[in-house]
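# Survey of secondary and tertiary structure
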Amino acid sequence: MNKWIIPCNIKKYNVDGAFSKLDELEWSQGRNKVEVGDLVFIYVGMPVQCIKYKCEIIEKDIPVENCSLNDGEFSLIGRPHITDSLLYMKIRLVDKYPEGVITLEEMQKRGVKGRIQSARRVPKDLETYIDWIDDSEADGDLLPEEVKEEPGEQIIEGAKKTIIVNSYERDPKAKKICKEHYMKLHGHISCQVCGFDFGKEYGPEYANKIHVHHIIPVSEIGEEYVIDPITDLIPVCPNCHMVLHTGEGISVEELKKKVKKQKIK
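The following refers to the structure shown. Being a predicted model, the structure only gives us computed values, none of them experimental. (Residues numbered from 1 in each chain as written. Predicted model: local features only at pLDDT ≥ 70, side-chain atom pairs only at ≥ 80, totals over all residues. Heavy atoms only, no water.)

### Some remarks on the overall build of the protein
Along the protein, the regular secondary structure elements total eight helices and eleven strands. Out of the 265 residues belonging to the protein, those deemed buried represent 44%. Partitioning the contacts of the protein with sequence separation of at least 6, the portion at a separation of at least 24 is 66%. About 14500 Å² of surface is accessible on the protein, with carbon and sulfur atoms providing 50% of the total. (Helix = DSSP H or I, 4+ residues; strand = E, 2+ residues; numbered from the N terminus. Buried < 20%, exposed > 50% of the residue type's maximum accessible area, 1.4 Å probe, protein only. Contact = heavy atoms within 4.5 Å. Areas by Shrake-Rupley, 256 points an atom, 1.4 Å probe, with all protein chains shown as cover.)

What follows is the structure, encoded as structure tokens:
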């Protein structure tokens, strides 16, 4: 199975509108040697400049006269989204990524050369990064404002930067160690603030789904430091995580007391 990056000019084609209505689209295959089962990552150009959609090729080598033109309403150039490509392929939507995650900048750090103006294969480093993002989303591990970073060998945090919102480098290896620690301690993972357990509430298929919170806010750290996943990180449910990130400076212990007080009432 091959993985491809394919650009989309949103000044010519409203891909967001198309995928909001349709799960399958016909797309220019060009001269690329694609196969059914290959994955296609649609890169949205200026001003977005990031990968937004992951699709699977379900049909290839479609002559232009056999295209259904079911997405013609999303063309912004006065005609259906059919060009002079020799052949078309049918792609099915698999996943959507938030803007600001797989950006052009991040792609160029991971093997993509220049701008994305034509179809190309996904470089190995970028493929690893995208796989990690998919795994992180499956775990429900990150808040919306957290920008995902590539897993690394060292467990290091810090290095403040700005990507849409203020964000900080976070190493998934540290989060994994934290989760494993609490799993060994209790045999399952629950919120260490309010006690919420996804498995007990929603069933075994949701067991151990949890966010991981930095006890010392990364925003207060002025330089890189080596993190201790056991003492610096703690599993919390999304609700408690949101409260801890409200900007009021509430600590984990303060929130525990607040939750306990509310339960007594």
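So, next bit.
### Remarks on the pairing of strand 5 (residues 87-96)
Two faces make up the sheet, and in a regular strand the side chains alternate between them. Note: strand 2 (residues 24-28) against strand 5, five bridges, orientation antiparallel. Residue pairing in the sheet places Leu-25 in a bridge with Ile-91 of strand 5. By the bridge criterion, eight bridges tie strand 4 (residues 50-63) to strand 5 in an arrangement that is antiparallel. Within strand 5, the residue paired with Glu-56 across the bridge is Arg-92. (Pairing = 2+ DSSP bridges.)

### Quick word on the nonpolar core
Trp-27, Val-40, Ile-42 and Ile-91 are the most contacted members of the largest nonpolar core, which has 20 residues in total. Not counting chain neighbours up to four residues away, the residues in contact with Ile-42 comprise Ile-6, Cys-8, Phe-19, Trp-27, Cys-50, Ile-51, Lys-52, Tyr-53, Cys-55 and Ile-91. Within the second largest apolar cluster, 18 residues are counted, among which are Met-107, Ile-116, Trp-132 and Ile-133. (Core = buried A, V, L, I, M, F, W, Y, C linked by side-chain atoms within 4.5 Å.)

### Some remarks on the pattern of salt bridges
Per the stated rule, a full pass over the model turns up 13 salt bridges. The shortest N-O distance in the salt bridge between Lys-60 and Asp-61 comes to 4.0 Å. Looking at Lys-60, the relative accessible area reads 26%, which means it is partly exposed. Linked through salt bridges whose partners overlap, the residues forming this network are Lys-3, Lys-124, Glu-127 and Asp-131. (Salt bridge = Lys/Arg side-chain N within 4 Å of Asp/Glu carboxyl O.)

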